[in-house]
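Per-entry structural report
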Protein chains: 2
Amino acid sequence: MQVYRYPSKDQWNEVVARPTFDNSQLRDLVSGILSQIKEGGDEVIKQLEEKFDHCQLTSLEVLPNEFEDAKAAIQPDLAAAIDRAYHNIAAFHESQHHTYNKVETQPGVHCWQKAIAIDKVGLYIPGGTAPLFSTVLMLAIPAKIAGCGEIVLCTPPNREGKVNPAILYAAWRSGVTKVYKCGGVQAIGAMAYGTESVPKVYKIFGPGNQFVQMAKQLVSLRDVAIDMPAGPSEVAVIADAESNPEFVASDFLSQAEHGADSQALLFTTSEQFADKFIGVMESQLEKLQRQELTRKSLEHSKIVICRDDEEMMEIVNEYAPEHLIIQTTNYLELADKVRNAGSVFLGPYSPESAGDYASGTNHTLPTNGYAKAYNGVNLDSYMRKVTFQEISREGLRDLGPVIETMATAEQLDAHRNAVTVRLANI
Amino acid sequence: MQVYRYPSKDQWNEVVARPTFDNSQLRDLVSGILSQIKEGGDEVIKQLEEKFDHCQLTSLEVLPNEFEDAKAAIQPDLAAAIDRAYHNIAAFHESQHHTYNKVETQPGVHCWQKAIAIDKVGLYIPGGTAPLFSTVLMLAIPAKIAGCGEIVLCTPPNREGKVNPAILYAAWRSGVTKVYKCGGVQAIGAMAYGTESVPKVYKIFGPGNQFVQMAKQLVSLRDVAIDMPAGPSEVAVIADAESNPEFVASDFLSQAEHGADSQALLFTTSEQFADKFIGVMESQLEKLQRQELTRKSLEHSKIVICRDDEEMMEIVNEYAPEHLIIQTTNYLELADKVRNAGSVFLGPYSPESAGDYASGTNHTLPTNGYAKAYNGVNLDSYMRKVTFQEISREGLRDLGPVIETMATAEQLDAHRNAVTVRLANI
């Protein structure tokens, strides 16, 4: 772990640097697989599932009895926890509906926006050792609340061709019934192009390894929208002399355990806190299961000691963290200065895990500094704001000459004429 | 022009097909130019400006006296028209501010969104025979209203190294003061990477030729966000037996004059109207300046005669037009059935040119069927919704066990621990 004490401005680039990752060499490989899927549909998907997930599938779609089995198999306390998370996530995303008023920009000229759900969306849930049922909730609940007509979910099956019960339970709880056994590049290809079984969608959401990310990038160039570009997960924690080092260390480690390429940064104006923190973190680390992985990630984690709050917030905004936890005494004051972050956790009792699972906010967030231009998944991610306008005779009589003048100056004759023929008629 | 009479469902794919355009062969060329810009900064930009825009530049930045000259040079009626358009566009985009309430998802768990402007945005305005000052208004006004700290505008100069006065006037009117003489790929590269003169931005907006589009795609893979993918402009007009064929024809032609790859589609349930329309359009066409170009575009334009309103709206939504003009008697009824469109124009006196220039709505809209997943530029395009949460001791005491259960099931030990250390402290 690197410690920066009062870094000068010309060191900032180094402080905010991310572990680099370059997946461009995957381009041809992934592009080739996508072409195969586009051509071959279900048959190719099944072959790829056999190759990569080592399972033989007769049907890609999860059948109704498999949902029933999952509901019977899931542990009651986990089902209850998912139900509670569902409630909170739904409550927060429900609150993101807005009303749109008609605006009369000048007499007789009425303009308005209308939020309309995307008709068909696709959600990707990666496989791996643990079932990411929390991501099912985060992606499916707002899709349902937005009113998306068709919600398709793809996730890789295990060697027996089964999907983890917690994933199916979370899908069912969120109202998703079209679940397909399909992982990696094949899932992205299937949802981008459509196959005999898997419907084509208009926008694809969800995390994944570098193959999945490359596939999302490639299909987004032409065929389908995606939620956002992705990179390794990261957290910045801001603490002061009064912060509880146990809390801060636990947040730091919870980020670091995500993967060897995860990044955790501590920002503080207190050297004493930084010293205390290092000791506490080491002793917490020794008790963790994913210790080896977590140590690897800590290699590119950083402690940054800043001169004052102002400088600290400036460099934090330059870093633009996916997750930002502020545990200082003046956390509300600092929160006001946040400009670039995905999701912000305020005070001692708001750990990142709360937002990862159950408080209500979304956990699909911009990484890698993308928070400077992107926000996390929210209700709007599943909707479009279509503009409408209605102009009265009187409105056009008044506005028409303005349009004619501008169209003439842009040398767009027919644009002007569309007004002129109408003015002649008024 | 192709006429489809009562197309069957298996013909729909053909009806909604766009003129294909493939810029993938430009990839290496544009990628090479971008690398040069990243390396060489201003010096390379100036060389490329000499090569492509045939002008020798000493300074890339437009100087204050050039703004003064432009304000003196612009014709007063054009300035007045721009001022009026400014007023309407500002009024509509101002109305797109929302308030965000705190939500208590469960006792002691508070979550909220805050809309924060993107700090640095870049606007690209193409050159060509006519100055696209209307696009300056459409891109700069919402950026200013959103509160973007730095708004950079790049546009190619003429052979004398000057920017068109209408462009500078519109920039000044919209509050943009950082204008750079820089076009094409070099403009996109300059704003994506930053040079000695041109600041690096976080998101790039604006139209452009296939080179510009490829450059935007390439930089968006890693360095900077972009407004949306682009394709040729297009309109769908819906008319019935009562519609005025002069109006419909003029809208059709105003789209067609944009370029040889533009597309205009007429949807109607009235064969008689379709017949009348063809004659009227031909006689309007003969009087237009851009006749040759317009005829070329009309080659891939289409008339689609539909059985009834329901089928018609289904196929229109499948087409997902950038612009949709509804001129039927029951236009409000049909408007309710619109699901996929960029901007919708209702009634006989709402021509597309109104929204292109001055009614208030934005004219930067999703083409090529992207309206199924994207919306046009609006105030949100310049902001991010950052989520915040604050959980009280009591809130975490209640929610904590839910998080612990879920983290355990996802095998994320340190995620659970971040709650456990806090619960031990409550």
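Since the model is a prediction, treat every value here as computed from it, not as a measurement.

1. Comments concerning the relation of the copies chain B and chain A
Turning chain B through 180° and shifting it by 0.0 Å along the axis lays it on chain A, with an RMSD of 0.0 Å. Here the copies are linked by what is in effect a two-fold axis. Residues of chain B ranked by C-alpha distance from the rotation axis are headed by His98(B), positioned 3.8 Å from it. A shared binding surface is used by both copies, with 100% of the interface residues of chain B retained as interface residues in chain A.

2. Some thoughts on helix α11 (residues 291–298) of chain A
All names here are of chain A. Along α11, the positions that sit buried rather than exposed are Thr-294, Ser-297 and Leu-298. All buried residues of α11 fall inside an arc of 100° around its axis, so they share one side. Here the buried face of α11 lies against α9 (245–256) and α10 (271–285).

3. Here's the deal with the packing of aromatic side chains
Residues and elements named next belong to chain A. In the structure shown here, the tally under the stated rule is 14 aromatic pairs over all chains. Taking the centre distance of 5.5 Å and the plane angle of 45° together, the rings of Tyr-169 and Trp-172 count as tilted. Of this pair, Tyr-169 and Trp-172 both sit in helix α6 (residues 165–174), three residues apart, which is roughly one turn of the helix. In this structure Tyr-169 comes out as buried when scored by relative accessible area, which is 6%. One aromatic cluster is present, formed by Phe-252, Phe-273 and Phe-277 through successive ring pairs. The ring of Trp-12 has Lys-9 sitting right over it, with the charged end atom 4.9 Å from the ring centre.

4. Some remarks on a nonpolar patch on the surface
Taken together, the side chains of Met1(A), Val3(A) and Ile278(A) make up a nonpolar region of the molecular surface, amounting to roughly 210 Å² of accessible area. Position of Val3(A) relative to the elements: it lies in strand β1 (residues 2–5).

5. Some points on the confidence of the model for chain A
Mean pLDDT for chain A: 95, with 100% of residues reaching 70 or above. Complex prediction metrics read pTM 0.97 and ipTM 0.96.

6. Some remarks on the sheet that holds strand β8 (residues 225–226) of chain B
Residue and element names in this part refer to chain B. Spatially, five strands are ordered β6-β5-β4-β7-β8 in an open sheet, and the strand pairing comes out parallel. With one partner strand each, in any of the chains shown, β6 (178–181) and β8 form the two edges of the open sheet. Alignment of strand β7 (residues 203–205) against β8, held across two bridges, turns out to be parallel. Within β8, the position partnered with Ile-204 by the bridge is Ile-226. On top of the sheet, helix α5 (residues 133–146) reaches β4 (120–124), β5 (150–155) and β7; it is set at about 170° to β4, its chief contact.

7. Section: the pattern of salt bridges
Side chains that differ in sign of charge can pair as their charged atoms come close. All names here are of chain A. For the structure shown, the criterion picks out 34 salt bridges over all chains. Note that Asp-413 and Arg-416 form a salt bridge whose closest N and O atoms lie 2.7 Å from each other. Of this pair, Asp-413 and Arg-416 both sit in helix α16 (residues 413–423), separated by three residues, roughly a single helical turn. The partly exposed category is assigned to Arg-416, whose relative accessible area is 27%.

8. Considering the nonpolar core
Tyr382(A), Met406(A), Tyr382(B) and Met406(B) are the most contacted members of the largest nonpolar core, which has 136 residues in total. The next biggest cluster of nonpolar side chains, apart from the first, holds 65 residues, and it includes Leu48(A), Leu60(A), Ile45(B) and Tyr193(B).

9. Points about the interface of chain B and chain A
Every contact between the two is made by 128 residues of chain B and, on the other side, 128 residues of chain A. Both faces considered, chain B and chain A share a buried interface measuring about 11200 Å² in area, 54% of it formed by carbon and sulfur atoms. For the interface between chain B and chain A, the tally reads eight salt bridges. With its nearest N and O atoms 2.3 Å apart, the salt bridge here joins Asp380(A) to Lys385(B). There are 70 residue pairs in polar contact (both at pLDDT 80 or more) connecting chain B and chain A. Residues belonging to the side of chain B that touches chain A are distributed by class as follows: 61 nonpolar, 39 polar and 28 charged.

10. Examining α5(B)
If you check α5(B), its first and last C-alpha atoms are 20 Å apart, about what 14 residues at 1.5 Å a residue would give, namely 20 Å. Where α5(B) ends, the next residue or the one after it, Gly147(B), has phi of about 100°, a positive value.

11. Points about the environment of Glu246(A)
Position of Glu246(A) among the secondary structure elements: in helix α9. Under the relative-accessibility criterion, Glu246(A) is labelled partly exposed at 34%. As for Glu246(A) and Val280(A), which are separated by 34 residues in sequence, their C-alpha atoms are 6.3 Å apart. For Glu246(A), the contacting residues outside a window of four places in its chain are Val280(A), Gln284(A) and Val421(B). At 2.8 Å, the side chain of Glu246(A) and the side chain of Gln284(A) are in polar contact.

Conventions adopted
- Residues numbered from 1 in each chain as written.
- Chains lettered and ligands numbered in written order.
- Predicted model: local features only at pLDDT ≥ 70, side-chain atom pairs only at ≥ 80, totals over all residues.
- Heavy atoms only, no water.
- Least-squares fit on C-alpha atoms with pLDDT ≥ 70 in both.
- Contact = heavy atoms within 4.5 Å.
- Buried < 20%, exposed > 50% of the residue type's maximum accessible area, 1.4 Å probe, protein only.
- Helix = DSSP H or I, 4+ residues; strand = E, 2+ residues; numbered from the N terminus.
- Arc of directions from axis to C-beta.
- Phe/Tyr/Trp six-rings, centres within 6.5 Å; stacked < 30°, edge-to-face > 60°.
- Lys NZ or Arg CZ within 6 Å of the ring centre and 35° of its normal.
- Patch = residues over 30% accessible without salt bridge, like charges linked within 9 Å, V, L, I, M, F, W, Y side chains within 5 Å.
- Areas by Shrake-Rupley, 256 points an atom, 1.4 Å probe, with all protein chains shown as cover.
- Salt bridge = Lys/Arg side-chain N within 4 Å of Asp/Glu carboxyl O.
- pLDDT = per-residue confidence, 0-100.
- Pairing = 2+ DSSP bridges.
- Axes fitted to C-alpha atoms, helices over the stretch in contact; angles between N-to-C directions.
- Core = buried A, V, L, I, M, F, W, Y, C linked by side-chain atoms within 4.5 Å.
- Buried area = accessible area lost by both parts, 1.4 Å probe.
- Polar contact = N/O pair within 3.5 Å; in protein donor to acceptor, adjacent residues only side chain to side chain.
- Nonpolar A, V, L, I, M, F, W, Y, C, P; charged D, E, K, R; others polar.
- Expected span 1.5 Å × (residues − 1).

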